[in-house]
Amino acid sequence: MSNYFDLKDNVAVVTGCSSGLGVQMARALASQGCNIVAVARRQNLIEEVAAKIKEDFGVEAIGVRCDITDTENVQAAVRKVMD
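These remarks concern the structure in this document. (Residues numbered from 1 in each chain as written. Predicted model: local features only at pLDDT ≥ 70, side-chain atom pairs only at ≥ 80, totals over all residues. Heavy atoms only, no water.)

Details of the pattern of salt bridges
Part 1 of the argument: Under the definition given, this model contains three salt bridges.
Part 2 of the argument: When the shortest N-O distance is used, the salt bridge between aspartate 56 and arginine 27 registers 2.9 Å. Highlighted residues: aspartate 56 in helix α2 (residues 43-57) and arginine 27 in helix α1 (residues 20-31), separated in sequence by 29 residues.
Part 3 of the argument: The network of salt bridges with common partners includes Arg27, Lys52 and Asp56. (Salt bridge = Lys/Arg side-chain N within 4 Å of Asp/Glu carboxyl O. Helix = DSSP H or I, 4+ residues; strand = E, 2+ residues; numbered from the N terminus.)

Pasting the structure below:
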């Protein structure tokens, strides 16, 4: 049977990923093989989340600080993710 939810080698950018639903969504995506970019305002928390996801699921995961209400901040975060 095929795994229709296989996300191996894809990348998900998850906002609000310092706590709550953002973390749960990132973990669900990582459990299907998706690499994660954890985005939130609290740098220390997203780094912890990214490290835990990487450890638990064996995927690539990074934390990128970004305030999504600031357009310049979002553009800088996108550039960082693309690099």
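Points about the side chain of asparagine 35
Part 1 of the argument: With respect to the helices, strands and loops of the structure, asparagine 35 is situated in strand β2 (residues 35-40).
Part 2 of the argument: A polar contact is formed between the side chain of asparagine 35 and the backbone nitrogen of glutamate 60, at a distance of 2.9 Å.
Part 3 of the argument: Discounting chain neighbours no more than four positions away, the residues touching asparagine 35 are Asp9, Asn10, Val11, Ala12, Val59 and Glu60. (Polar contact = N/O pair within 3.5 Å; in protein donor to acceptor, adjacent residues only side chain to side chain. Contact = heavy atoms within 4.5 Å.)

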